[in-house]
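# Architecture at a glance
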Amino acid sequence: MAEVVIVETADAAGEIVADEIQRLLEAKPDAVLGLATGSTPLTTWKALARRALDLSAVRGFALDEYVGLEPGHPESYRSVITREVVVPLGLNPDLVRVPADRGPVETAGEDYERAILEAGGVDLQILGIGSTGHIGFNEPGSSLASLTRVKTLTERTRLDNARYFSSPEEVPMHCVTQGLGTILRAGHLVLLAFGEGKAEAIAGAVEGPVTASLPGSAIQLHPRVTVVVDEAAASSLRFADYYRHAWNNRLRVSGGQA
Ligand code: GLP
């Protein structure tokens, strides 16, 4: 079972996840972070930035990237990660990778997998969840063993992400995303979600059957998962009372309580 933390606000979630990242970096200043885009991790990045830690040795791997945007497009995930993570946190941009950033899309998957392995693997992976239940851009049907590869986005995801573009048609049709198998190799998964629109996806991810139809449910296969959600995103969780009880009476043991 994931450790599920139900908080009042997105800011409170950001502080909890920043604590987790800070603990990791105190033990390992050159830790490898799995970086997520989207609005959900923003309070985490802000909380970390406020702590003014020296993060210059941290290495990072973004979860995903669009295919087909011109280089430097403000909504490419390279641009988003630079703007929202690398600059405010003072990361070294040379140590931060985004899929398909160093070569053609055709070999991007293999190249990215090799780079992650060479870095020693991701220590802590931040995850948001899409309304289709996707993590990274692993849309429903993604193999639970999938590795980094090109995917076609669902129309629902394109519409969800249209808010960042001037028109829905401008949202790319394709992406390169870490696979579910890639994500499951990280040492610790931290999944964040806020708002009622995420309630069904969170219930499916945490308590539903493990199924490729709801890719977020792959987290149940991982031994160390922390899920941080607000009350609205927690509203469909069957065992919410138990999660609150377990968090209020937590024992800090290494490795968590999967
Ligand atoms: C995008 C990203 C996901 C992210 C999801 C949710 O599709 N590829 O990594 O988790 O959006 O976004 P938000 O956090 O803005 O709701």
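Higher on the page you've got the structure.
Please read all numbers here as calculations on a predicted model, not as lab measurements.

Each value, and the rule that gives it
- Residues numbered from 1 in each chain as written.
- Predicted model: local features only at pLDDT ≥ 70, side-chain atom pairs only at ≥ 80, totals over all residues.
- Heavy atoms only, no water.
- Helix = DSSP H or I, 4+ residues; strand = E, 2+ residues; numbered from the N terminus.
- Rg over C-alpha atoms; globule rule 2.2 N^0.38 Å.
- Contact = heavy atoms within 4.5 Å.
- Near = heavy atom within 4 Å.
- Polar contact = N/O pair within 3.5 Å; in protein donor to acceptor, adjacent residues only side chain to side chain.
- 1 Å grid on protein atoms, 1.4 Å probe; cavity = no way out; pocket = protein on both sides within 12 Å on 5 of 7 lines; lining within 4 Å.
- Sits in = over half its atoms within 2 Å of the grid points.
- Nonpolar A, V, L, I, M, F, W, Y, C, P; charged D, E, K, R; others polar.
- Pairing = 2+ DSSP bridges.
- Axes fitted to C-alpha atoms, helices over the stretch in contact; angles between N-to-C directions.
- Expected span 1.5 Å × (residues − 1).
- Buried < 20%, exposed > 50% of the residue type's maximum accessible area, 1.4 Å probe, protein only.
- Phe/Tyr/Trp six-rings, centres within 6.5 Å; stacked < 30°, edge-to-face > 60°.

To continue, consider the overall build of the chain. Across its full length, the chain carries 8 helices and 10 strands. Here the chain has a C-alpha radius of gyration of 17 Å; the compact-globule value for 258 residues is 18 Å, and the two agree. The C-alpha extent of the chain, read off along each of the three principal axes, is 50 × 40 × 30 Å. Look at the contacts in the chain between residues 6 or more apart in sequence, and 77% of them connect residues 24 or more apart.

Quick look at the site of the ligand now. Around the ligand sit 14 residues in total, of which Ser39, Thr40, Asp64, Arg163 and Lys198 are the nearest. At 2.8 Å from a nitrogen atom of the ligand is found a side-chain nitrogen or oxygen belonging to Asp64. One nitrogen or oxygen atom from the side chain of His134 is found 3.0 Å from an oxygen atom belonging to the ligand. More than half of the atoms belonging to the ligand lie within 2 Å of the grid points that define the largest pocket. Partitioned by chemical class, the residues of the shell around the ligand number 4 nonpolar, 7 polar and 3 charged.

We now examine the sheet that holds strand β4 (residues 64-67). Reading across the sheet, the 3 strands line up as β4-β8-β7 and stay open at both edges, with antiparallel pairing between neighbours. Since the sheet does not close on itself, it has two edges, and those belong to β4 and β7 (149-152), each with one partner. Here the strands of the sheet are splayed against their neighbours by 30° on average, with no regard to which way each runs. Relative to strand β8 (residues 174-177), β7 is paired through 4 bridges, and the arrangement is antiparallel. Across the sheet, the residue bridging to Val150 is Val176, located in β8.

Between the first and last C-alpha of helix α4 (residues 105-118) there are 20 Å, a value that for 14 residues agrees with the 20 Å anticipated at 1.5 Å per step. For α4, the complete set of buried residues consists of Ala108, Gly109, Tyr112, Glu113, Ala115 and Ile116. Structurally, α4 contributes buried residues whose contacts are with β3 (59-62), β5 (96-97), β7, β8 and α6 (180-184). Residue Gly120 follows α4 closely and has a positive phi angle near 90°.

On inspection of all chains with the given rule, the structure shows 6 aromatic pairs. With centroids separated by 5.5 Å and ring planes inclined at 50°, the aromatic side chains of Tyr66 and Phe137 adopt a geometry described as tilted. Residue Tyr66 is found in strand β4, and its partner Phe137 is found in the loop between β6 (124-127) and β7; the two are separated by 71 residues along the sequence. This pair shows no difference in class: Tyr66 is buried, exactly as Phe137 is. Relative to Phe165, the ring of Tyr66 has its centre 5.7 Å away and its plane inclined at 80°; by these criteria the two rings are edge-to-face. Pair noted here: Tyr66 is in strand β4 and Phe165 is in the loop between α5 (155-161) and β8, with a separation of 99 residues, a long-range link. Accessibility classification places Tyr66 together with Phe165 in one group, the buried group.

Any link to function would need more than the numbers given here.
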